[in-house]
Amino acid sequence: MAERRLECSWKRHVVEQLKQRDRVQRHAFEEIIHQYNRLLEKSDLQTVLSERYQSDKYDLQNRHDSSPGLDLSRNDSLQQEMAQMRIRHQEELTELHKKRGELAQSVIELNHQIQQKDKEIQSNEAKMEEYQRQIAELEGECRELRGKLQDLEQANQTLKDEYDALQITFGALEEKLRRTTDDNQELVSRWMAEKSQEANKLNAENEKDCKRRQAKLQKELAEAAKEPLPLDPDDDIEVLAEDSGKGTGETSPNRPLSRTPSKRVSGQSPQSSLLGSISNIFGVSESVQPGLVLPPDSRRRPGNSYGSSPECTETPSGVCADVRVPATALHVFEAHDGEVNAVRFSPGSRLLATGGMDRRVKLWEVVSGRCEPKGALTGSNAGITSIEFDSAGSYLLAASNDFASRIWTVDDFRLRHTLTGHSGKVLAARFLLDNARIVSGSYDRTLKLWDLRSKVCMKTVFAGSSCNDIVCTEQCVMSGHFDKRVRFWDIRAESIVRELELMGRVTSLDLNHDRTELLTCSRDDLVKIIDLRSNAVRQTFSAQGFKCGADWTRVTFSPDGSYVAGGSADGALYIWNVLTGKLERTLDKNHSSAINSVSWSPSGAYVVSVEKGCKAVLWSDM
């Protein structure tokens, strides 16, 4: 049907074109035909006139022959008339020949135009045939596309039906999941309630047991105090050497406990000596017995002694006796060939380690307020991100961007261990308190526990977010993450004990000297202290101009926990007072780029800051 309509349409088009050509060419030839007809009429008229003139001429000639004398004058006039008529006829004939030539030329031109029009018609016919062929091809393609469209519509309908069925299934599964979640929450609530009840019962039993033991101990002490005990002169008992210059029984704060042969000290009874010895055995240093005066430093951990020079003191885990708030830049030096990411003092404050993007860890000796180069630790294949000494200062642990952590010995600069296993940059690595294990956190969102004796990974924990920093206690690992959370991990259970969410990405973690407070820094430009006993934010520090410059910006406690130091993106060092909660000091010179890390020496005498450039600055109040 469509082909028949198409055939009728092109035939109608051809007829219209022919009619149009007839109208145009007829209009062009109509004037020529009209002039040609006039020319024929005039030619016929001339022929008639010529015949008539010829008959008249014969009549006149006959008449002249018959009467030549009478009609002489008349003949002259007739001849004149004939001559004039001949001239007029000759002019008319010339004019008609001229018009005939023009009309012949017009006929030639029109014939030429007709030939051109015929050629155009042939060209148009060829184009029409080509268009007809293209139309046929397009119609075939249209039929194919219609078939494909029908197939696609059927497939779409099938997919729609399947989607509706999946939606129904998904709704049913979602409802089942909701019911399961509700059941799970109810079970967890019941389990937590039961655990709470069990914990309360256990606490009550422990409290009763503690009271019983204390009562028993007090009774035994009272009975022991009533009976005089014979003392062997060869036994050693810890007593205090009295100050000879004072008769009040007070001792000098600078004199330590001395072990002397057993002699009765004046003013000290056997009861007080025995109680003091028992107190020293059990570590009960806070309850001072009557008649026994302890020096001010005796409440600190045993094994730590503080000399008169803070920079040479070995203080692995004790409280610093003298913390100096930095006020001056003692030494500004180029630490690395590029960005410096990490800095750390050794436990004795004598050595300083820096790590940079030049793949090296450099050791510096702090002498007379200057950092003298001591050596470089090599072996890393990418930039250093974190540095830490062990508690004795003999080993150095560094994390690197080449997915590994490495341990060197400080004395001979030798690489001892290379711990590989992460699939992303290792951003933090820390020794545990036993120095036989380390914990590493990586960009691959995992934490790994390593045993240095066997040199293998003992545990791998998936944290769910990139780990930027780590700190450790005896059985707990605290990690700061990109998802703004601080996670607390139980090393034995490999599980999260609790989480704490901050307002920005966590960049740094640090513990105070007694490991009861956690210092955090985050990308919301806030430094916070978290009380680990209550799991709550105790203090928040901020300052106008302070801005965290990177995801690995490190802040630090002072050794005694009374100050907090942190570097800003504008190159300024900020010191806050923990007791007052206010900004203590701002040191805004000597750095030309963002500060990446800050370390406070365990002696409390120095602070070192490193930047995104290549410089490090040694600060003090001297």
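On a predicted model such as this, the values are computed, not experimentally measured, just so you know.

Caption draft 1: Inspection of the pairing of strand E5 (residues 351–356) at higher detail. Summarising burial for E5: 6 of the 6 residues are buried, a large majority. Both faces of E5 are covered, namely the face carrying Leu351, Ala353 and Gly355 and the face carrying Leu352, Thr354 and Gly356. Relative to E5, strand E4 (residues 340–345) runs antiparallel, the two being bridged by 5 bridges. Looking across to E5, one finds that Ala342 is bridged to Gly355. Count of turn residues in the E4/E5 antiparallel hairpin: 5 residues, of which Ser349 carries a positive phi of about 65°. Where E5 and strand E6 (residues 361–367) come together, 5 bridges link them in antiparallel fashion. Within the sheet, the bridge partner assigned to Ala353 lies in E6 and is Leu363. Counting the residues between successive antiparallel strands, the hairpin from E5 to E6 contains 4 residues, one of them, Arg359, with a positive phi of roughly 70°.

Caption draft 2: Layout of a nonpolar patch on the surface. A cluster of nonpolar side chains, Val188, Trp191 and Met192, forms an exposed patch at the surface whose accessible area comes to about 310 Å². Tracing the chain through its elements places Val188 in helix H2 (residues 72–226).

Caption draft 3: Local environment of unusual backbone geometry. The phi dihedral of Asn435 is positive, around 60°, even though this residue is not glycine. If you trace the backbone, Asn435 turns up in the loop between strand E12 (426–431) and strand E13 (437–442). Look at Asn435 and you get partly exposed, because its relative accessible area is 25%. Here the phi dihedral of Lys455 falls at roughly 60°; this positive angle occurs in a residue that is not glycine. Position of Lys455 relative to the elements: it lies in the loop between strand E14 (446–451) and strand E15 (456–462).

Caption draft 4: Representation of the UniProt feature "repeat: WD" (unreviewed entry) in the protein chain. The feature "repeat: WD" (unreviewed entry), as given by UniProt, occupies residues 333–374, 377–418, 419–460, 555–586 and 588–622 in the numbering adopted here. What you have in residues 555–586 is 0% helix and 53% strand, and the ends, taken at the C-alpha atoms, are 14 Å apart. A distance of 17 Å separates the end C-alpha atoms of residues 588–622, which is 0% helix and 49% strand.

Caption draft 5: Main features of the pairing of strand E8 (residues 384–389). Judged by how many residues are buried, E8 sits mostly within the fold: 6 of 6 residues are covered. Pairing analysis gives 5 bridges linking E8 to strand E9 (residues 395–400), with the strands arranged antiparallel. By the bridge assignment, Ile387 is partnered in E9 with Ala398. Two successive antiparallel strands, E8 and E9, enclose a turn made up of 5 residues, where Gly393 displays a positive phi of approximately 80°.

Caption draft 6: Layout of the sheet that holds E4. An order of E4-E5-E6-E7 is seen for the 4 strands of this open sheet, with the pairing classed as antiparallel. This sheet does not close on itself; its edge strands, each paired only once, are E4 and strand E7 (370–377). Taken pair by pair, the neighbouring strands of this sheet meet at an average axis angle of 25°, ignoring direction.

Caption draft 7: Spatial organisation of the environment of Phe488. With respect to the helices, strands and loops of the structure, Phe488 is situated in strand E18 (residues 485–490). On the basis of relative accessibility, which here comes to 1%, the residue Phe488 falls in the buried class. Look past the residues within four positions of Phe488 in its chain and what remains in contact with it is Cys476, Val477, Met478, Ser495, Ile496, Val497, Arg498, Leu500, Leu518, Leu532 and Asn535.

Caption draft 8: Main features of the packing of aromatic side chains. By the definition in use, this model includes 6 aromatic pairs. For the pair Phe546 and Trp576, a centre-to-centre distance of 5.3 Å together with 85° between the ring planes defines the contact as edge-to-face. Of the two residues, Phe546 sits in the loop between strand E23 (536–541) and strand E24 (555–557) while Trp576 sits in strand E26 (residues 573–577), which places them 30 residues apart along the sequence. An identical accessibility class is assigned to Phe546 and Trp576; each is buried. Each ring, one from Tyr574 and one from Trp576, has its centre 6.0 Å from the other, and the planes form 15°; the classification is stacked. Cluster of aromatic residues (ring-pair linked, three or more members): Phe541, Phe546, Tyr574 and Trp576. One residue, Arg498, lies across the ring of Phe488, its end atom 4.4 Å from the ring centre.

Rules used throughout
Residues numbered from 1 in each chain as written. Predicted model: local features only at pLDDT ≥ 70, side-chain atom pairs only at ≥ 80, totals over all residues. Heavy atoms only, no water. Buried < 20%, exposed > 50% of the residue type's maximum accessible area, 1.4 Å probe, protein only. Helix = DSSP H or I, 4+ residues; strand = E, 2+ residues; numbered from the N terminus. Pairing = 2+ DSSP bridges. Patch = residues over 30% accessible without salt bridge, like charges linked within 9 Å, V, L, I, M, F, W, Y side chains within 5 Å. Areas by Shrake-Rupley, 256 points an atom, 1.4 Å probe, with all protein chains shown as cover. Salt bridge = Lys/Arg side-chain N within 4 Å of Asp/Glu carboxyl O. UniProt positions renumbered as here; feature names shortened; annotations may be inferred. Axes fitted to C-alpha atoms, helices over the stretch in contact; angles between N-to-C directions. Contact = heavy atoms within 4.5 Å. Phe/Tyr/Trp six-rings, centres within 6.5 Å; stacked < 30°, edge-to-face > 60°. Lys NZ or Arg CZ within 6 Å of the ring centre and 35° of its normal.

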